[in-house]
Amino acid sequence: MKNGKKILSVLLAGAMVLGMAGCGNSSNSGTSGSASGSGEATFKIGGIGPITGAAAVYGQAVKNATELAIDEINAAGGINGYQVELNYQDDEHDAEKSVNAYNTLKDWGMQALLGTVTSTPCIAVANEAAADNMFMLTPSGSAVECVANDNVFRVCFSDPNQGLASAQYIGENKLATKVAVIYDSSDVYSSGIYEKFAEEAKNQDFEIVAAEAFTADNNKDFSTQIQKAKDAGADLVFLPIYYTEASLILDQANKTGYAPKFFGCDGMDGILSVENFDTSLAEGVMLLTPFAADAEDEATQNFVSTFKEKYGDTPNQFAADAYDGMYAIKAAFEAEKVTPDMSVSDICEAAKTGMTSITVNGLTAGEDGITWTADGEPNKSPKAVVITDGAYKAMQ
Amino acid sequence: MSFLSYLINGISLGSVYAIIALGYSMVYGIAKMLNFAHGDVIMIGGFVVFTATSATGMNPLLAVLLSVVVCTVLGVVIEKVAYRPLRNASPLAVLITAIGVSYLLQNVALLMFGANPKSFTSVVKVPALNLVGGDLIISGETIVTIVSCLVIMAALSMFMKTKPGQAMLAVSEDKGAAQLMGVNVNATISLTFAIGSGLAAIAGVLLCSAYPSLTPYTGSMPGIKAFVAAVFGGIGSIPGALIGGLILGVIEILSKAYISSQLSDAIVFGVLIIVLLVKPTGILGKKISEKV
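Residues numbered from 1 in each chain as written. Chains lettered and ligands numbered in written order. Predicted model: local features only at pLDDT ≥ 70, side-chain atom pairs only at ≥ 80, totals over all residues.

Colleague: What is the right way to read the sheet that holds strand 1 (residues 43-49) of chain A from this model?
Modeller: Within a sheet, each strand pairs with its neighbour through backbone hydrogen bonds, oriented either parallel or antiparallel. Residue and element names in this part refer to chain A. Read across the sheet, five strands follow the order 2-1-3-4-5 without closing on themselves; strand pairing throughout is parallel. Each of the sheet's edge strands pairs with one partner strand only, and the pair in question is strand 2 (84-90) and strand 5 (152-154). The sheet shows a mean angle of 20° between the axes of neighbouring strands, taken without regard to direction. Two strands pair when backbone bridges link them, and strand 1 and strand 2 are joined in this way by seven bridges, in the parallel orientation. Directly across from K44, in strand 2, lies its bridge partner E85. Packing against the sheet, helix 3 (residues 95-108) makes contact with strand 1 and strand 2, and its axis sits at approximately 150° to strand 2. The sheet contacts of helix 11 (residues 344-357) involve strand 3 (112-115), strand 4 (135-138) and strand 5, and relative to strand 4 the element is tilted by about 45°. (Pairing = 2+ DSSP bridges. Helix = DSSP H or I, 4+ residues; strand = E, 2+ residues; numbered from the N terminus. Axes fitted to C-alpha atoms, helices over the stretch in contact; angles between N-to-C directions. Contact = placed C-beta atoms within 7 Å.)

Shown next as structure tokens:
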């Protein structure tokens, strides 16, 4: 009997392993099958981002918006007459997994990469892509180093630019005289914004009275940081961090009866979609973002309504970045007449030239559209939004 | 005044660590294994309460009871399926199994609840305490956490005097001899896991009420910190878990407040190393000489 049990458990374990392996295989062959089965040449665009893990909101938004853009492009006849195919891989906001995902996509035959979504993995993948001379456009990798190689461009603002713009916005609109900052020193996005913010603050009419850090291993208890900001008499707290921690800070500040103004960057976007989050805590929170879902121009409204219909969710700024990114790839490919039979390296060279010549009138663009410089940085104007009655409203 | 407020925050954080550390300590003391899945049982406890209150609108206190029941059953099942067959295997094999169970729980939760953080509605309805004209505010969560920690410690100490408690002590001293004296070792170890996991559910509720963000990874870092607290106080000792947890929480908060908010973890672990160098069994740990 005892032996029988043992055999049974081994069999069950074996069955589980086989079952899992089966899953992996079938999903892989699913994507490659449709590629080889279609017969005609197509553009193979890879995507990488966190679909699971703590930053999943961003990866999921980018994935959905990229699919949406590609469906539109394909319905309208594709790029230079060729259809576009997407293979999107999960990296869980982890550099190592991101490089693995990149290699998976390379095996699949990727010709250009729209990714990755978050900064730390993006830097790792950018180095791989530079070695292969693979064209890469990150929708939202905002760290300076993300576009250090000349094959990489981005749609969003860089971290220093966000820090700079935030400091200028707070200063010019006289939002506060004493500012506290709570930032994640283990994260390149957050510390990048903070450094530039602190530098620019010297030129502005406010003073940083407390600069408190936390790390990824220590991101639950913010009572100390809040207490220090309170003791320093800060009337505005600048939060260049992601929304998960921001929601905790808002809650803990509320519990201790501290009610300053809060100001965030694009990482704060998503705070309203945290399940069961008491949105009244976020009332009055300001953030700098290039996209506001309630903007009244036709392009934004069309995008928002299609996105809602398809995915049942209001698109955030990451979705808009990805949507613009896909159209930027299209414009760059069309400007240089790229075809799918070109080598990866040739496509990259052509796209690099194309990117500097195009203007994309996208969702995140403002009135003058987005243009790119050869070092990969976009030129566009930032917008500030304020959370009112549980929704983003453009700030006047 | 702010020192007092830091101290109270430290004690509150430390109390959560202490309750989690109890689970580690009891299981280690009796089954001589490190149950690394403990932190993830906490997370499951949090999700049970979250789902029960937000989906079915259940009374929060009932939801906490439900969560204790679910976690207790889960703990017993994990022990029976994953650890009992390895009772006589090398400690390393059991350790790896525990890490495996931990990842299994995280990924099952990821599959069931998704990766998006959920905002946990605090089950604590105690009003905040306003002292010294509003300069010192102690939140209801802090009060409840500290009180529950003390109550649980007292209850466990009393439980150890009862017959099943004595059986636990006997098993922890010598499994073989306890069995010869008529103690049902398997039942005793199951009971240990049941109590440890039930406590994990309560710790989960308190953790999520104080820090209301719930993801499948919520339990892992507090779990590791609590494990450190258990080692700090002397693993296997119930008062040790309390003292270890409190000291850890207070050092963490005070070093954040007065030294550097970035270095707090380094300081916490540095103190741990010093304590272990001076007293390798932890603050209240007993030195057990190897029998020849």
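Colleague: Help me understand unusual backbone geometry, please; the structure alone is not making it clear to me.
Modeller: Apart from glycine, the bulk of residues carry a negative phi angle, and the bulk of peptide bonds sit in the trans form. Residues and elements named next belong to chain A. The peptide bond linking G115 to T116 adopts the cis configuration, its omega dihedral lying at -5°. Tracing the backbone through its elements, the reader meets T116 in the loop between strand 3 and helix 4 (119-132). If you check the backbone angles, N133 has positive phi at about 50° while not being a glycine. Within the element layout of this structure, N133 appears in the loop between helix 4 and strand 4. Judged by C-beta crowding, with 18 C-beta atoms within 10 Å, N133 ranks as partly exposed. One non-glycine residue with positive phi stands out, namely K174, at about 45°. Structurally, K174 can be placed in the loop between helix 5 (159-172) and strand 6 (178-184). Among the residues examined, K174 registers 10 C-beta atoms within 10 Å and is labelled exposed. (Buried ≥ 20, exposed ≤ 12 C-beta atoms within 10 Å, placed from the backbone.)

Colleague: Hey, could you run me through the nonpolar core in this one?
Modeller: Nonpolar side chains in soluble globular proteins generally cluster together in the buried interior. Counting 207 residues, the largest nonpolar core has A:Y323 and B:I19 as the members making the most contacts within it. If you tally residues by element for this core, the top one is helix 1 (residues 2-31) of chain B, at 15 residues. When residues of this core are sorted by domain, at least three fall in each of domain 1 (40-157 + 298-381) and domain 2 (160-289) of chain A. If we ignore the near neighbours within four places in the chain, the residues touching A:Y323 are A:A65, A:L68, A:A69, A:F303 and A:L363. (Core = buried A, V, L, I, M, F, W, Y, C linked by C-beta atoms within 7 Å. Domains from an automatic or database assignment.)

Colleague: How do you make sense of the domain arrangement of chain A when you look at a structure like this?
Modeller: Note: interface size is frequently given as the accessible area lost on complex formation between the parts. All names here are of chain A. Taken domain by domain, chain A holds domain 1 (40-157 + 298-381) and domain 2 (160-289). Computed from C-alpha atoms alone, the centre-to-centre distance between domain 1 and domain 2 is 29 Å. Facing 13 residues of domain 1, the contacting portion of domain 2 comprises 13 residues. Of the residues contributing to the side of domain 1 that touches domain 2, the split by class is seven nonpolar, five polar and one charged. (Nonpolar A, V, L, I, M, F, W, Y, C, P; charged D, E, K, R; others polar.)

Colleague: Would you mind going over the interface of chain A and chain B with me for this structure?
Modeller: In this assembly, 32 residues from chain A lie in contact with 29 residues from chain B. Contributing elements (two or more residues each) for the side of chain A that touches chain B: helix 2 (56-75), strand 7 (207-214), helix 7 (223-231) and helix 8 (243-255) of chain A. In terms of residue count, the dominant contributor to the side of chain A that touches chain B is helix 7 of chain A (six residues). Looking at the side of chain A that touches chain B residue by residue, the classes come out as eight nonpolar, 14 polar and 10 charged.

Colleague: It is not clear to me how the environment of A:E349 should be interpreted in this structure. Could you clarify?
Modeller: All names here are of chain A. Relative to the helices and strands, E349 is located in helix 11. What makes E349 partly exposed here is the crowd of 16 C-beta atoms within 10 Å. For the pair E349 and G366, spaced 17 residues apart in sequence, the C-alpha separation works out to 28 Å.

Colleague: Would you take a moment to explain helix 6 (residues 188-201) of chain A for this structure?
Modeller: Residues lying three or four places apart along an α-helix face the same way, a consequence of the helix completing one turn every 3.6 residues. All names here are of chain A. Compared with an ideal rise of 1.5 Å per residue, which puts 14 residues at 20 Å, helix 6 spans 20 Å between its outermost C-alpha atoms and is within 8% of the ideal. Looking at helix 6, one finds that the buried residues are V188, Y189, S190, G192, I193, Y194, K196, F197 and A201. Here the buried face of helix 6 lies against helix 4, helix 5, strand 6, strand 7 and strand 8 (236-239). (Expected span 1.5 Å × (residues − 1).)

Colleague: Before we go on, may I ask you to explain the environment of A:A124 in this structure?
Modeller: Residues and elements named next belong to chain A. Here A124 shows up in helix 4. Note: C-alpha distance between A124 and A95 (29 residues apart in sequence) is 5.9 Å. Once residues within four sequence positions are removed from consideration, A124 is found in contact with A95, S98 and V99.

Colleague: Which parts of the structure should I look at to understand the packing of helix 2 (residues 38-56) of chain B against helix 4 (residues 91-113) of chain B?
Modeller: Working note: a packed helix pair is described by the angle between its axes plus the distance between those axes. Residues and elements named next belong to chain B. Interhelical geometry of helix 2 versus helix 4 gives an angle of 25° and a closest axis separation of 8 Å. One finds that helix 2 runs roughly parallel with respect to helix 4. Regarding helix 2 and helix 4, the two cross each other, and that crossing is left-handed. Across the interface between the two elements, G39, D40, M43, I44 and F47 from helix 2 touch S102, L105, Q106, A109 and F113 from helix 4. When its residues are assigned to classes, the contact of helix 2 with helix 4 shows six nonpolar, three polar and one charged. (Parallel < 35°, antiparallel > 145°, perpendicular 65-115°, else oblique. Left-handed = near helix turned anticlockwise from the far one by under 90°.)

Colleague: I tried to follow the confidence of the model for chain B on my own but got confused; where do I start?
Modeller: Segments scoring low in pLDDT should not have their predicted coordinates read at a detailed level. Residues with a pLDDT of 70 or more make up 97% of chain B, whose mean pLDDT is 88. Taken element by element, the predicted model of chain B shows its lowest mean pLDDT in strand 2 (residues 129-131) of chain B (77) and its highest in helix 3 (residues 60-83) of chain B (93). (pLDDT = per-residue confidence, 0-100.)

Colleague: Just to check I follow, could you spell out the packing of helix 9 (residues 220-233) of chain B against helix 10 (residues 238-258) of chain B for this structure?
Modeller: Residues and elements named next belong to chain B. Remark: helix 9 packs on helix 10, axes separated minimally by 7 Å, with the N-to-C direction vectors making an angle of 120°. Here helix 10 runs oblique to helix 9, going by the angle between their axes. For the crossing formed where helix 9 meets helix 10, the hand is right-handed. When helix 9 is examined against helix 10, the residues K225, A226, V228, A229, A230, F232 and G233 are found in contact with a partner set consisting of G240, A241, I243, G244, G245, I247 and L248. Tallied by class, the residues present in the contact of helix 9 with helix 10 amount to nine nonpolar, four polar and one charged.

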